[in-house]
Amino acid sequence: MKTLLHNAVLVCPNGGERPGSLLIKGDAIAGVGTLDAPSDAVAVDCGGKLLAPAIVDLGVFAIDKPAFAAGGIVRAALMPDQSPVLDDPGIVQRAAAIGKPELWVHPLAAATRGVGGSDLAEIAILRDAGARAVATGRHAIADAGVMRKILAYAADCGMAVIAHAEDTALTAGAVATEGETATRLGLAAAPALAEALAVVRDLMLAEETGARLHFRQVTTAAAFDLIRAAKRRGVKVTCGITPAHLVLSDIAMTDFRTFAHLSPPLRGESDRQAARAAIADGTIDVLTSGHDPRGPEEKRLPFADSQPGAAGAETLLALALGLVRDELLPLDRLFALLARNPAQVLGIESGTLTQGAPADLILIDRDAPWRIDADAMRAKAGNTPFDGLPVQGKVVRTFKGGVEIAF
Amino acid sequence: MQASDHSPSAVLKGREAFPHRHLTGISGLQPHEITFLLDEAEQWVGANRAHAKSDKRLEGLTIINAFFENSTRTLLSFEIAGKRLGADVVNMHAAQSSVKKGETLIDTAMTLNAMRADVIVIRHGSSGAVQLIADKVACPVLNAGDGRHEHPTQALLDALTIRRRRGSIANQRVVICGDILHSRVARSNILALTALAAEVRVVAPTTLMPAAIERMGVTPFTDFDAALAGADVVMMLRLQNERMSGAFIPSTREYHLRYGLTPERLARAAPDALVMHPGPMNRGVEIASSVADDPARSAITEQVEMGVAVRMACLDILTRSARGVEGWA
């Protein structure tokens, strides 16, 4: 079966932005550019909308198919701190299969057994069971010796390590970043420096071991500076961020809004500006939703007792398009952050509009206005710090392996 | 004792004078609203000193003191305040109640709400817990201390004490010394005193000083002696050992050496400087007994007295709307 998507504006991290058509044959892209319609193809008029690679979401905490489909996400790398933890081959296999056919779940193997931070998990066995990378989970590895072993062993296995970067001694008990807001609210807070301390340690260990290291979220000026310098030295490091840290500062926690309780916590305005600069200059490689739906049992609590995290899958694209409108980066590079780069971290063939690649595609009405509404979200829970925010840009059609996914 | 020279606020009347449904903190209050609360409390000071202390204006109303964190003096103060106004006062020691069985805070709040309380007074160990309950219940909520966030009636009673003893709050140099990091008393006092135009200095070792405290309009010091120069009021805070999980200070001995208020140290303040402490005191740690017990300088017992008056005023004001007091509909 062939499908020709024509009259589109093609957006590819490798091929740039241009008008054209795209031919799907089976589950792969058979052609892209200025194409004649094959006689046996079903023609779909894209009406001049954007046709882009579907989003590869690196580091989600829940498999949430309706939210992913609506958000244009067809591949989700699942964090290991699930219940049960992704530290057993059977559980990894089950996780990898659970999303099909609409969603490909790429399990991230727990770096340590039970994500306990001490004993190495069976990384090679987990890889063979379908894990695409190794992750430390919600927390950093406190012990530098353990982290060194994780990096070295994962490198042996040809897998990247996805790390959470916060010095656990400094962040113990903290729910906010030190600053005026935390002081006024009387919230236990950790210095923003806790991130840079963890980053510098892990960078040095990655440099020594030659491992591929990806920081799932980096949010502070000091840490970006360290990563920038490490990249220049040739360290195999990449980093990501969620829209929350690009759009919001710690002021969003005012009135004890638990939807703004995130991990790492929202930072001060100077760090937010540093994050935007790091998007613009290419220091940040990946934009992820950090999708972490939390119900009222976990959020309708005093701030310090609530669980961190936000449901981000449905808002990722619209907020990301805001970065293009703010002229922080061009559209084709945005899709490097949303699709190609996360696919590369995982070592999968996806994230571009190139011939032979999987036909994982989204059609986007980039100007469609809508308002983020926590109550109307398709996610398992509507815990978004962006409730009520007017945004532009919506996925109108999603294709996974050439098959359209309804949402 | 010097009576206040502050005349009751006359500009705004009724609901206009205090338009808030709850008292969850000093944050969000306008200076004239704080002054209104103090003026109202002033009237209860005299009444409490009279022989017959009872007033029946809250007769038939039910006040629930829901204390999720242990307290003796604050609970007693609220209980006396409510009873002197004629209310039925119920004390709920939530620290030993169904909360331990897994009931959420909101469940507890909804239960109290269903029991048709007319005022709920809450103390809780988590910052923001009182606001969370206030958003869920139909009756006024009064914050009796939430985590390290706010303790508004303590700040009001401190302000009333200062105003009565010093004649005014404006332009007074107030030094707050102690564990600022963990102190809700410090936060509420900073908000109230700066709103009323006092000069506020905060003193603590850096390990007990919250970040960006200067953004709250105060001057931070680590040197107590330097901060004391010319102080009109010296407010000592309790060293909250129970909140200190790490090594914030090397020892109480060293703390006393650097931050203990002794007669010699107090001599650096203004000759008539007032000494305050929210209690309970760690004698010989943050304050020397000779200072705490000096009737000419110490206002510590007067603070306790003002506490009842302030709480009576707050309970009276917060229930006026429900009681149909003229101008408060």
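Just so you know, these numbers come straight off a predicted model, no measurement behind them.

So, how was this worked out
Residues numbered from 1 in each chain as written. Chains lettered and ligands numbered in written order. Predicted model: local features only at pLDDT ≥ 70, side-chain atom pairs only at ≥ 80, totals over all residues. Heavy atoms only, no water. 1 Å grid on protein atoms, 1.4 Å probe; cavity = no way out; pocket = protein on both sides within 12 Å on 5 of 7 lines; lining within 4 Å. Points joined across faces, edges and corners; volume = space filled by probe spheres on them. Nonpolar A, V, L, I, M, F, W, Y, C, P; charged D, E, K, R; others polar. Phe/Tyr/Trp six-rings, centres within 6.5 Å; stacked < 30°, edge-to-face > 60°. Lys NZ or Arg CZ within 6 Å of the ring centre and 35° of its normal. UniProt positions renumbered as here; feature names shortened; annotations may be inferred. Buried < 20%, exposed > 50% of the residue type's maximum accessible area, 1.4 Å probe, protein only. Helix = DSSP H or I, 4+ residues; strand = E, 2+ residues; numbered from the N terminus. Contact = heavy atoms within 4.5 Å. Pairing = 2+ DSSP bridges. Right-handed = clockwise from strand over helix to strand, strands pointing away. Buried area = accessible area lost by both parts, 1.4 Å probe. Salt bridge = Lys/Arg side-chain N within 4 Å of Asp/Glu carboxyl O. Axes fitted to C-alpha atoms, helices over the stretch in contact; angles between N-to-C directions. Parallel < 35°, antiparallel > 145°, perpendicular 65-115°, else oblique. Left-handed = near helix turned anticlockwise from the far one by under 90°. pLDDT = per-residue confidence, 0-100.

Remarks on empty space enclosed by the protein
All names here are of chain A. For the coordinates displayed, the defined rule picks out 1 cavity of 30 Å³ or more. Its volume calculated, the largest cavity comes out at about 30 Å³. Along the walls of the largest cavity sit Ala 163, His 164, Ala 165, Glu 166, Arg 216, Gln 217 and Pro 264, which together make up its complete lining. The residue makeup of the lining of the largest cavity, split by class, is 3 nonpolar, 2 polar and 2 charged.

Side note on the packing of aromatic side chains
For the structure shown, the criterion picks out 2 aromatic pairs over all chains. Its end group placed over the ring of Trp104(A), Lys100(A) keeps NZ or CZ at 5.5 Å from the ring centre.

Describing the UniProt feature "binding site: carbamoyl phosphate" (unreviewed entry) in chain B
Residue and element names in this part refer to chain B. Per the UniProt record, "binding site: carbamoyl phosphate" (unreviewed entry) is annotated on Arg 73, Thr 74, Arg 123, His 151, Gln 154, Gly 279 and Pro 280. In this structure Arg 73 comes out as partly exposed when scored by relative accessible area, which is 40%. Here Gln 154 is to be found in helix H5 (residues 152-166). The class for Gln 154 is buried, based on a relative accessible area of 7%. Ignoring any residue separated from it by four or fewer positions in sequence, one finds Gln 154 in contact with Val 185, Pro 278, Gln 303 and Arg 311.

Examining the UniProt feature "domain: Amidohydrolase-related" (unreviewed entry) in chain A
The UniProt record marks residues 145-403 of chain A with the feature "domain: Amidohydrolase-related" (unreviewed entry), using the residue numbering of this structure. Along residues 145-403 of chain A, the helical share is 38% and the strand share 15%, with 46 Å between the first and last C-alpha atoms.

Things to note about the pairing of strand E14 (residues 237-241) of chain A
Residues and elements named next belong to chain A. Counting buried positions over the 5 residues of E14 gives 4, a clear majority of the element. Of the strand pairs in this sheet, E14 and strand E15 (residues 286-287) are connected by 2 bridges, and their pairing is parallel. When the sheet's bridge partners are listed, Ile 241 is paired in E15 with Leu 287.

Quick word on the pairing of strand E5 (residues 173-177) of chain B
All names here are of chain B. With 4 of 5 residues buried, E5 lies mostly within the body of the structure. Note: E5 against strand E6 (residues 199-203), 5 bridges, orientation parallel. Paired with Val 175 across the bridge in E6 is Arg 201. Note on the crossover from E5 through helix H6 (residues 184-195) to E6: the handedness is right-handed. Note: E5 against strand E8 (residues 233-236), 4 bridges, orientation parallel. Across the sheet, Ile 176 pairs through a bridge with Met 235, a residue of E8.

A word on unusual backbone geometry
In this structure, Pro84(A) follows Ser83(A) across a cis peptide bond, with omega equal to 0°. When you line up the elements, Pro84(A) lands in the loop between strand E7 (73-78) and helix H2 (89-97). Residue Lys100(A) is joined to Pro101(A) through a cis peptide bond whose omega torsion reads 10°. Tracing the backbone through its elements, the reader meets Pro101(A) in the loop between H2 and strand E8 (104-110). For Glu327(A), which is not a glycine, the phi torsion comes out positive at approximately 60°. If you trace the backbone, Glu327(A) turns up in the loop between helix H12 (316-325) and helix H13 (331-346). Despite not being glycine, Ala197(B) shows a phi value in the positive range, around 70°. Among the secondary structure elements, Ala197(B) is positioned in the loop between H6 and E6. With relative accessibility at 42%, the residue Ala197(B) sits in the partly exposed group.

Re the interface of chain B and chain A
With 19 residues of chain B at the contact, the number on the chain A side is 15 residues. Buried area between chain B and chain A, summed over both chains or domains, comes out near 1400 Å², and the portion from carbon and sulfur atoms is 61%. When the buried area of chain B at its contact with chain A is split by residue, Ser127(B), Ala211(B) and Arg215(B) rank highest and sum to 27% of it. On inspection of chain B and its partner chain A, the count reaches 1 salt bridge.

A word on the packing of helix H4 (residues 144-156) of chain A against helix H7 (residues 193-209) of chain A
Residues and elements named next belong to chain A. The contact between H4 and H7 brings their axes to 9 Å, and the two run at 40°. One finds that H4 runs oblique with respect to H7. With respect to the hand of their crossing, H4 and H7 are arranged in right-handed fashion. Side by side, H4 and H7 meet where Ala 144, Met 147, Arg 148, Leu 151, Ala 152 and Ala 155 of the first sit next to Arg 201, Asp 202, Leu 205, Ala 206, Glu 208 and Thr 209 of the second. The residue inventory of the contact of H4 with H7, partitioned by class, reads 7 nonpolar, 1 polar and 4 charged.

Description of the pattern of salt bridges
One pass over the full model with this rule turns up 42 salt bridges over all chains. Residue Arg397(A) is joined to Glu404(A) by a salt bridge in which the shortest nitrogen-to-oxygen separation is 2.7 Å. Look at Arg397(A) and you get partly exposed, because its relative accessible area is 27%. Accessibility expressed as a relative area gives 36% for Glu404(A), which makes it partly exposed. For Arg201(B), the salt bridge identified is with Glu199(B), shortest N-O distance 3.1 Å. Overall, Arg201(B) belongs to the buried group, its relative accessible area being 11%. Members of the salt-bridge network, linked through shared partners, are Asp39(B), Glu42(B), Arg163(B), Arg164(B), Arg165(B) and Glu302(B).

A short note on the confidence of the model for chain B
All names here are of chain B. Averaged over every residue, the pLDDT of chain B is 92; residues scoring 70 or more account for 92%. Here residues 1-6 is modelled with pLDDT under 50, and outside its nearest four sequence neighbours on either side it reaches 14 contacts, counting other chains as well. Reported confidence for the predicted complex is 0.88 by ipTM and 0.92 by pTM.

Concerning the sheet that holds strand E7 (residues 219-221) of chain B
Residues and elements named next belong to chain B. Read across the open sheet, the 5 strands follow the order E7-E6-E5-E8-E9; overall the sheet is parallel. Because the sheet does not close on itself, it has two edges, and the strands there are E7 and strand E9 (274-276). Adjacent strand axes in the sheet meet at a mean angle of 20° when their direction is disregarded. This element, H5, spans E5, E8 and E9 of the sheet and lies at about 165° to E9.

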